[in-house]
Amino acid sequence: EAGVVQSPRYKIIEKKQPVAFWCNPISGHNTLYWYLQNLGQGPELLIRYENEEAVDDSQLPKDRFSAERLKGVDSTLKIQPAELGDSAVYLCASSLGGQGTGNEQFFGPGTRLTVL
Amino acid sequence: GESVGLHLPTLSVQEGDNSIINCAYSNSASDYFIWYKQESGKGPQFIIDIRSNMDKRQGQRVTVLLNKTVKHLSLQIAATQPGDSAVYFCAEKGQGVGNDYKLSFGAGTTVTVRA
């Protein structure tokens, strides 16, 4: 079974340009997460979806970041315009959903963004 | 606010030796912890978890110890192999409805296995 798929794996853009990342979660996983990981740091949650609903976007910088999961399956994360400080790895994760602490999150390989 | 952190950013270990990676957390109400392994160019991978009603849990070559008195978590890897070279993160899962899914990660420990 395929894991979480992300594309592109690498992206280099100039500042002020827009950029989008795509994620396809594990089949059947209702919960989808986008994380930001700075170099040498642990991942930080940006947004969590339950099906197509964004249930926690409190850490998403909404002035320049947006996300969608229109059909409750794959998702896109967009930055417009990108700034130098946005250079990082953007990770997508998914889980089955439902309450309880045993709900393991599976991570994709991430998209490494470099803003010049 | 709550934070999860690791004592040392790097660990160098001889192949075949045991490794111990430490993590301190600040939220005494935390009840669930996870260790992740992240290899270069990959996303974090689940290793082992532990609930706060336990003080020890064992997996294949890995053991997690939880000391709630001093809010300390450790990951022990037995007979460390070259494939164990990676960054290891401890993570704390939030409590309560809506917060059950939020993972708070520490900064990570980079483990390098020497041949």
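Quantities reported herein were computed from a predicted structural model and do not represent experimental measurements. (Residues numbered from 1 in each chain as written. Chains lettered and ligands numbered in written order. Predicted model: local features only at pLDDT ≥ 70, side-chain atom pairs only at ≥ 80, totals over all residues. Heavy atoms only, no water.)

A. Representation of the pattern of salt bridges in the model. Scanning the entire structure with this criterion turns up seven salt bridges over all chains. Between R64 of chain A and D86 of chain A there is a salt bridge, with the nearest N and O atoms lying 2.6 Å from each other. In this pair, R64 of chain A sits in the loop between β6 (53-56) and β7 (65-68) while D86 of chain A sits in the loop between β8 (75-79) and β9 (88-95), placing the two residues 22 residues apart along the sequence. Side by side, R64 of chain A and D86 of chain A carry an identical accessibility label, which is buried. The partner of R61 of chain B in a salt bridge is D84 of chain B, and the shortest N-O contact between them spans 2.9 Å. On the criterion of sequence distance, the pair formed by R61 of chain B in the loop between β6 (56-58) and β7 (62-67) and D84 of chain B in the loop between β8 (72-77) and β9 (86-93) is long-range, its members being 23 residues apart. By relative accessible area, D84 of chain B is classed as buried at 6%. A cluster of three or more residues bridged by salt bridges with shared partners is formed by R64, E83 and D86 of chain A. (Salt bridge = Lys/Arg side-chain N within 4 Å of Asp/Glu carboxyl O. Helix = DSSP H or I, 4+ residues; strand = E, 2+ residues; numbered from the N terminus. Buried < 20%, exposed > 50% of the residue type's maximum accessible area, 1.4 Å probe, protein only.)

B. A look at the interface of chain A and chain B. With 26 residues of chain A at the contact, the number on the chain B side is 21 residues. In this assembly, chain A packs against chain B so that about 1,900 Å² is buried in total across both faces, 46% of it on carbon and sulfur atoms. Counting across the interface, chain A meets chain B through four residue pairs in polar contact (both at pLDDT 80 or more). Elements supplying a minimum of two residues to the side of chain A that touches chain B: β4 (31-37) and β5 (44-50) of chain A. Of the residues belonging to the side of chain A that touches chain B, the class tally is seven nonpolar, 14 polar and five charged. (Contact = heavy atoms within 4.5 Å. Buried area = accessible area lost by both parts, 1.4 Å probe. Polar contact = N/O pair within 3.5 Å; in protein donor to acceptor, adjacent residues only side chain to side chain. Nonpolar A, V, L, I, M, F, W, Y, C, P; charged D, E, K, R; others polar.)

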